[in-house]
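Chain and residue survey
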Amino acid sequence: TFSILIIIAAALVFVFVGTFITRDEERGITGYREETANSNVWSNRSVSDFFRVFSVYFPAATGIMGGANRSGELKNPSINIAYGTIASVLCSTTVYAIMSILVGCVAVSEVDGNSKQGLRNNFLIMADMTPYKPVVIV
């Protein structure tokens, strides 16, 4: 379990570092630019429905349930499960929000002339931003 935490932490660090050092205009990664952030925040594109957004956030919720299922190993389960669940929801929501903001400031939503790149079409764009892809893909 600790090794998984290390891999996830490393992936987050690699993505964070990659937002500063990676620039690939062909893939839609522009680096930190005010125009990129504004185009993602104030876009005229259609708003996603609830279920599409939920499908992105759902893996965070399933991991929380995995932690709650290990309640037999706790000294005081009635208190620790509540605190642990609330802490994991806050932690995962914070990480998702920060990553959304960072990626939204660094990558354009669509690349002109290339329908397979940008935030809307390249589902591995965070891996493309990192200096070492395998850590993020794992």
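For the structure, check the block above.
Rules behind the numbers
- Residues numbered from 1 in each chain as written.
- Predicted model: local features only at pLDDT ≥ 70, side-chain atom pairs only at ≥ 80, totals over all residues.
- Heavy atoms only, no water.
- Helix = DSSP H or I, 4+ residues; strand = E, 2+ residues; numbered from the N terminus.
- Buried < 20%, exposed > 50% of the residue type's maximum accessible area, 1.4 Å probe, protein only.
- Salt bridge = Lys/Arg side-chain N within 4 Å of Asp/Glu carboxyl O.
- Core = buried A, V, L, I, M, F, W, Y, C linked by side-chain atoms within 4.5 Å.
- Contact = heavy atoms within 4.5 Å.
- Expected span 1.5 Å × (residues − 1).
- Arc of directions from axis to C-beta.
- Axes fitted to C-alpha atoms, helices over the stretch in contact; angles between N-to-C directions.
- Nonpolar A, V, L, I, M, F, W, Y, C, P; charged D, E, K, R; others polar.

Each helix and strand counted, the protein has 6 helices and 0 strands in total. Counted from the first residue to the last, the protein has its helices and strands arranged as α-α-α-α-α-α. Along the first, second and third principal axes, the C-alpha atoms of the protein reach 55 × 35 × 25 Å. Counting only residues that meet the buried cut, the protein has 23% of its 138 residues in that class.

Time to look at the pattern of salt bridges. For the structure shown, the criterion picks out 5 salt bridges. Ionic pairing is found between Glu110 and Arg120, a salt bridge with its closest N-O pair at 3.5 Å. With a gap of 10 residues between them, Glu110 in the loop between α4 (77-106) and α5 (125-129) and Arg120 in the loop between α4 and α5 connect regions that are remote in the sequence. Accessibility expressed as a relative area gives 40% for Glu110, which makes it partly exposed. For Arg120, a relative accessible area of 39% puts it in the partly exposed group. Residues participating in the shared-partner salt-bridge network are Asp24, Arg27, Asp128 and Lys133.

Time to look at the nonpolar core. One broad rule of soluble globular proteins: the nonpolar side chains tend to lie buried together. In this structure, Ile29, Val103, Val106, Ala107, Ile125 and Met129 together form the largest nonpolar core, which totals 6 residues. Listing elements by their share of this core, those giving two or more residues are α4 and α5. Apart from residues lying up to four places away in sequence, Val103 is in contact with Leu119, Ile125, Met126 and Met129.

Spanning 20 residues, helix α1 (residues 2-21) covers 29 Å between terminal C-alpha atoms, matching the ideal 28 Å at 1.5 Å per step. Listed as buried for α1 are Ala11, Val15, Gly18 and Thr19. Axial view of α1: buried residues confined to an arc of 105°, hence all on one face. Facing away from the buried surface of α1 by more than 90 degrees, the exposed residues are Phe2, Leu5, Val13 and Ile21. Buried residues along α1 sit in contact with α4, α5 and α6 (133-137).

Close contact between helix α2 (residues 34-41) and α4 brings their axes to 6 Å; oriented N to C, the two are set at 115°. Residues Thr36, Ala37 and Asn40 of α2 touch α4, and the partners they reach there are Gly104, Cys105 and Val106. Broken down by class, the residue content of the contact of α2 with α4 amounts to 3 nonpolar, 3 polar and no charged.

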